[in-house]
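Each chain is listed here by its residues.
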2 protein chains.
Amino acid sequence: MEQTIRVELSTTKKEKPKTDQLEFGRTFTDHMFVMEYSDPLGWHNAEILPYQPLMVDPSSMIFHYGQSVFEGLKAYLTPDGDAQLFRPERNLQRLNRSNDRLCIPPIDEKFALKAIKQLVALEKDWIPSTEGTSLYIRPFIISTEPYLGVAPSRHYKFIVILSPVGAYYKEGINPVKIAVENQYVRAVVGGTGEAKTGGNYASSLKAQEVSAKEGYAQVLWLDGVEKKYIEEVGSMNVFFKINGEVVTPALNGSILEGVTRNSVIQLLKHWNIPVVERKISIDELHQAYKDGLLEEAFGAGTAAVISPIGQLTWNLEHLVINNGNTGELSKNIYDTLTNIQYGKEKDPFNWIEKVNEPVRVKR
Amino acid sequence: MEQTIRVELSTTKKEKPKTDQLEFGRTFTDHMFVMEYSDPLGWHNAEILPYQPLMVDPSSMIFHYGQSVFEGLKAYLTPDGDAQLFRPERNLQRLNRSNDRLCIPPIDEKFALKAIKQLVALEKDWIPSTEGTSLYIRPFIISTEPYLGVAPSRHYKFIVILSPVGAYYKEGINPVKIAVENQYVRAVVGGTGEAKTGGNYASSLKAQEVSAKEGYAQVLWLDGVEKKYIEEVGSMNVFFKINGEVVTPALNGSILEGVTRNSVIQLLKHWNIPVVERKISIDELHQAYKDGLLEEAFGAGTAAVISPIGQLTWNLEHLVINNGNTGELSKNIYDTLTNIQYGKEKDPFNWIEKVNEPVRVKR
Ligand SMILES: Cc1ncc(COP(=O)(O)O)c(C=O)c1O
Ligand SMILES: Cc1ncc(COP(=O)(O)O)c(C=O)c1O
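Residues numbered from 1 in each chain as written. Chains lettered and ligands numbered in written order. Predicted model: local features only at pLDDT ≥ 70, side-chain atom pairs only at ≥ 80, totals over all residues. Heavy atoms only, no water.

This part covers the domain arrangement of chain A. Residues and elements named next belong to chain A. Each assigned domain of chain A is listed with its residue range as follows: domain 1 (6–166) and domain 2 (176–326). Inter-centroid distance (C-alpha atoms) of domain 1 to domain 2 is 28 Å. Facing 18 residues of domain 1, the contacting portion of domain 2 comprises 17 residues. Note on domain 1 versus domain 2: buried area summed over both sides is about 1500 Å², and carbon and sulfur give 52% of it. Where domain 1 meets domain 2, there are two salt bridges. Where E257 meets R97, a salt bridge forms, and the shortest distance between an N and an O atom there is 3.6 Å. (Domains from an automatic or database assignment. Contact = heavy atoms within 4.5 Å. Buried area = accessible area lost by both parts, 1.4 Å probe. Salt bridge = Lys/Arg side-chain N within 4 Å of Asp/Glu carboxyl O.)

Here the focus is the relation of the copies chain B and chain A. One copy of the chain maps onto the second through a rotation about an axis and a displacement along it. With an RMSD of 0.0 Å, the fit of chain B onto chain A corresponds to turning through 180° and sliding 0.0 Å along the axis. These values place the two chain copies in the arrangement generated by a two-fold rotation axis. Residues of chain B ranked by C-alpha distance from the rotation axis are headed by B:G199, positioned 2.0 Å from it. Most of the interface of chain B is mirrored in chain A, where 100% of its interface residues again form contacts. (Least-squares fit on C-alpha atoms with pLDDT ≥ 70 in both.)

It is worth spelling out the side chain of A:R94 at this point. All names here are of chain A. With respect to the secondary-structure elements, R94 resides in helix α2 (residues 88–101). At a separation of 2.8 Å, a polar atom in the side chain of R94 contacts the main-chain carbonyl oxygen of E257. Leave out the neighbours within four places in its chain, and R94 touches E71, K196, L256, E257, G258 and V259. (Helix = DSSP H or I, 4+ residues; strand = E, 2+ residues; numbered from the N terminus. Polar contact = N/O pair within 3.5 Å; in protein donor to acceptor, adjacent residues only side chain to side chain.)

Further remarks concern the interface of chain B and chain A. Tallying the contact residues gives 61 residues for chain B and 61 residues for chain A. Both sides of the chain B and chain A interface together cover about 5100 Å² of buried area, and 63% of this is carbon and sulfur. Interface area lost by chain B to chain A is led by B:F63, B:L148 and B:L205, which between them contribute 13%. Here B:K206 makes a salt bridge to A:D100, at a shortest N to O gap of 3.2 Å. On inspection of chain B and its partner chain A, the count reaches 20 residue pairs in polar contact (both at pLDDT 80 or more). Elements represented by at least two residues in the side of chain B that touches chain A include exactly β4 (54–56), α1 (62–65), β5 (68–70), α2 (88–101), β8 (134–143) and α4 (198–213) of chain B. The element best represented in the side of chain B that touches chain A is α4(B), accounting for ten residues. Broken down by class, the residue content of the side of chain B that touches chain A amounts to 33 nonpolar, 18 polar and ten charged. (Nonpolar A, V, L, I, M, F, W, Y, C, P; charged D, E, K, R; others polar.)

Right, let's talk about the packing of aromatic side chains for a bit. Tallied over the entire structure, the rule returns 33 aromatic pairs over all chains. Ring centres of A:Y37 and A:W43 lie 5.3 Å apart, and the angle between their planes is 65°; on these two criteria the pair is classed as edge-to-face. Accessibility assignment for this pair places A:Y37 and A:W43 in one class, buried. Measuring from ring centre to ring centre gives 6.4 Å for A:F140 and B:F63, while their planes differ by 20°; the resulting arrangement is stacked. Of this pair, A:F140 sits in strand β8 (residues 134–143) while B:F63 sits in helix α1, placing the two residues on different chains. In this structure A:F140 comes out as buried when scored by relative accessible area, which is 0%. Judged by its relative accessible area of 0%, B:F63 falls in the buried class. Taken together through their ring pairs, the aromatic side chains of A:F33, A:Y37, A:W43, A:F111, A:Y156 and A:F158 make up a single cluster. Taking NZ or CZ as reference, A:K279 lies 4.2 Å from the ring centre of A:Y229, over its face. Looking at B:K16, its charged tip hangs above the ring of B:W126, at a distance of 4.9 Å from the centre. (Phe/Tyr/Trp six-rings, centres within 6.5 Å; stacked < 30°, edge-to-face > 60°. Buried < 20%, exposed > 50% of the residue type's maximum accessible area, 1.4 Å probe, protein only. Lys NZ or Arg CZ within 6 Å of the ring centre and 35° of its normal.)

Now the structure itself:
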């Protein structure tokens with residue numbers, strides 16, 4: 001039984017920001033999608049509404065016990081003026097994996113994708129068209145039961161909001177300085193690191209604040225158990241090219257499985273470039289550096305796509321990678337992924353989902 | 001420069017629940033306290049307002065990145081009809097420690113205590129008077145900047161709401177069954193376990209859900225690194241009486257420092273009962289049990305005060321403690337703490353803060 005989506009159009013339209021003045025995540029479009037959950041109704045009352053504040057009781061569980069999940073993906077405008085999404089079904093699958101970890105009832109992935117496509121189609125004028133810009137899509141679920149008890153909520157809201165975002169790199173893809181984090185921990189096996197839930201990000205703020213003061217763009221997270229194995233970089237997955245082979249930390253239970261990560265791996269395989277998912281320690285990386293074998297390093301995530309690491313600082317030692325420049329492989333991956341996302345290059349992987357076509361079922 | 005608190009009284013009064021029908025955390029009083037933070041104003045606009053829903057933008061950081069902290073304490077009615085608090089300055093100190101970990105600007109503890117006392121005094125009629133009932137006080141801070149970026153928020157709200165709560169034990173203090181948690185982890189050193197922040201509770205739901213299905217009241221959390229050392233029980237600190245000596249896990253960076261925990265330790269010292277804070281492994285506990293030396297076990301926290309553990313299940317083995325009955329020491333601690341809280345017994349520790357007296361400065 002497919003739900004219908006009630007649509008209430010906004011009577012006023014906001015002014016759209018100039019595309020050269022776009023920031024990340026500060027402007028929102030005219031409409032939003034909202035769906036509610038309650039026992040025993042399940043998910044119901046799907047609506048596209050004018051973008052508006054939520055009325056939330058101060059005792060709502062989201063304000064106290066952090067039961068929430070979210071996703072992040074983008075809509076891109078092709079040279080033909082089509083709106084398209086990049087592997088959205090992966091974000092919705094991950095949302096449901098996050099739901100499971102956080103004891104939130106699963107959503108119907110197909111219906112959620114339909115809702116996202118309908119919302120994006122309605123807001124198509126909001127997708128900026130200049131190089132590197134896009135419409136960021138933020139689906140999220142919050143626990144709204146008014147109850148101060150540590151237990152799964154019995155009420156939720158699933159909401160989708162949209163934000164036009166500028167090019168991540170204003171002057172072309174650009175390497176950053178990263179500090180290896182020795183004190184704070186993002187996640188640990190048995191915790192929520194695999195899930196996209198607020199607490200992981202709240203917990204990461206302190207390390208970022210400290211490292212930002214020291215001039216670093218992000219931190220490289222080590223595992224919470226031995227503080228030895230590399231996990232992620234900032235809010236991105238991380239890759240290293242060592243002696244011709246690309247290495248990324250294996251999914252171990254505390255690493256978020258990125259859509260970009262998976263796409264990078266597939267692309268490398270397609271190119272016949274050796275790529276492995278395995279444990280990699282900071283000591284091994286350091287040794288590879290000393291041996292002159294650490295050729296490239298980069299973060300991978302939806303926001304930046306590829307973020308080259310020009311310098312890695314560990315225990316006061318600065319590892320300068322590829323002379324602080326963007327590596328050739330990093331650049332090729334970036335170009336190919338963004339070309340596919342923007343419809344400028346063929347998509348041999350069936351990654352693209354056109355907004356104006358009915359939802360396809362892919363896994 | 002002391003802020004003033006603007007007061008707007010509610011024009012209607014809610015009906016108060018019958019004291020024998022009180023649940024925990026479902027009913028809220030007529031008023032709430034709200035104070036805002038923004039750069040560069042700092043904390044400002046302190047108000048007591050009619051209890052009401054918050055209007056929150058869907059892009060507000062609290063819904064996405066979990067930057068929030070909270071506290072929990074109670075107001076008790078004495079036989080003389082006075083309202084009093086139990087060591088509230090400790091909750092506010094802990095709130096500021098949580099703030100620091102979560103990159104939230106500190107609050108003025110003295111002012112916050114003044115605000116809490118003023119709110120409780122205004123709602124004094126809401127403090128239920130029957131045995132074991134109290135008015136639960138929930139101060140919390142949420143990040144409200146409308147911005148989808150992983151960075152500390154530049155806007156916050158500090159809110160205090162009040163909820164009349166029933167007796168935790170309807171038929172006297174009562175032992176529970178606890179399962180040792182081997183899979184999920186509450187917190188890890190370097191993470192946020194020391195702080196009272198939503199993410200810790202969101203992350204704990206899954207283990208509780210699984211163990212509840214198997215008939216357990218709560219789980220016993222082991223450390224996230226070795227899954228070996230005992231940390232907490234549910235949302236309480238934990239104590240064991242082994243061969244005449246009371247042992248509680250030492251504060252190691254991933255354990256919340258409970259106000260009740262500290263009070264139990266002080267009380268035991270006052271009674272000349274040996275008490276130590278140290279690492280204690282589940283193996284050591286198991287050995288003590290086998291040797292017949294595990295005399296009592298209990299959780300300690302504001303909600304239940306003392307929660308005796310009658311059975312501990314570890315790897316399918318059931319450790320029955322004190323024949324599943326409440327231990328004598330557990331009962332004595334419970335009685336003494338609650339008698340002090342309700343003003344039925346002298347307070348040799350200077351723990352009580354009367355609501356109608358000006359704020360005293362104690363540390
Ligand atoms: C912690 C974390 N790791 C990795 C990623 C990369 O995931 P994706 O490529 O799906 O954007 C993200 C961001 O989305 C993230 O928040
Ligand atoms: C995780 C956790 N541990 C311990 C406690 C006990 O702390 P307190 O005695 O201050 O209530 C609480 C509850 O407040 C808690 O949430």
